[in-house]
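Each chain is listed here by its residues.
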Amino acid sequence: LNITRCVLDVRLRGSLELSAIALRNCPELRLENTFLFGRLCKGIVWKADDSPAVAQKTKLFVTNSILFAGEGLWVDLKKSSSAVAEIVRSTLYGPMAIYLPPSLTTGDLEINSRRSLFDTRLITLDGRDVPEHRMPKWVRWGERENLYSPARHYIAGRPPNDFGPSTLSEWNEFWKQ
């Protein structure tokens, strides 16, 4: 699926249960030169289940785009074997950039970000029931030349391991960058 040169203005009232773009069992999305404005909703909900269409590596590319949303990217890939998200020359603005819900069970998630701006209070919320220190074992974060606003926390999780890196230097150490 390719979405190019679009303005998505989602004026929804109420809840983060709604999303501007919802993908289910889509093996690849390319979002290019697009402005997504949905400050009271999820930006992109990236879902997969046991469908044969997503048995291979699932891919998401966000290039030259702005995601202004309550939760920029909601990653819920269930049992997809592996997934790659590329965020290039883009801006994520809002309370949270990436959310990993409790239902996420994929074992191999790679997030690569280059020359992007993260202007959020929280970069990643790990809502899974596993301790957050295990996240680098199944999530790989690669980055180059990104800008970050001073976030309240860079990673937060579920209690009792509810907070991770709270400074950029701790964030880089967490991801061994």
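Above this text sits the structure in question.
Notes on the structure follow. Keep in mind the model is a prediction, meaning the values are calculated, not measured.

## Observations concerning a nonpolar patch on the surface
Together, Val7, Phe35 and Ile66 make up an exposed nonpolar region whose accessible area comes to about 250 Å². For phenylalanine 35, the position within the fold is in strand S5 (residues 35–47). Residue classification places phenylalanine 35 among the partly exposed residues on the basis of a relative accessible area of 32%.

## Quick word on the sheet that holds strand S1 (residues 2–4)
Reading across from one edge, S1-S4-S6-S8-S10-S12 is the order of the six strands in this open sheet, with parallel pairing throughout. The sheet is open, and its two edges are formed by S1 and strand S12 (139–144), each paired on a single side. On average, adjacent strands in this sheet sit at an angle of 5 degrees to one another, irrespective of strand direction. Inspection of the sheet shows S1 paired to strand S4 (residues 28–32) by three bridges, in the parallel sense. Each bridged residue has a counterpart across the sheet, and for threonine 4 the counterpart in S4 is glutamate 32.

## Some details on the side chain of serine 65
Within the element layout of this structure, serine 65 appears in the loop between strand S6 (57–63) and strand S7 (66–76). Residue class for serine 65 comes out buried when judged on its relative accessible area of 2%. Engagement of the side chain of serine 65 in a polar contact is seen with the backbone nitrogen of asparagine 33, the distance being 3.4 Å. Non-local contacts of serine 65, meaning those with residues more than four positions away in its chain, are made with Leu31, Glu32, Asn33, Thr34, Arg89, Ser90 and Thr91.

## Comments concerning the nonpolar core
Core analysis: the biggest nonpolar cluster contains 40 residues, and Ile44, Trp46, Val75, Leu109 and Trp141 have the highest contact counts within it. Core analysis: the second largest hydrophobic core is formed by six residues, Val45, Trp74, Met96 and Tyr99 among them.

Basis of the calculations
Residues numbered from 1 in each chain as written. Predicted model: local features only at pLDDT ≥ 70, side-chain atom pairs only at ≥ 80, totals over all residues. Heavy atoms only, no water. Patch = residues over 30% accessible without salt bridge, like charges linked within 9 Å, V, L, I, M, F, W, Y side chains within 5 Å. Areas by Shrake-Rupley, 256 points an atom, 1.4 Å probe, with all protein chains shown as cover. Salt bridge = Lys/Arg side-chain N within 4 Å of Asp/Glu carboxyl O. Helix = DSSP H or I, 4+ residues; strand = E, 2+ residues; numbered from the N terminus. Buried < 20%, exposed > 50% of the residue type's maximum accessible area, 1.4 Å probe, protein only. Pairing = 2+ DSSP bridges. Axes fitted to C-alpha atoms, helices over the stretch in contact; angles between N-to-C directions. Polar contact = N/O pair within 3.5 Å; in protein donor to acceptor, adjacent residues only side chain to side chain. Contact = heavy atoms within 4.5 Å. Core = buried A, V, L, I, M, F, W, Y, C linked by side-chain atoms within 4.5 Å.

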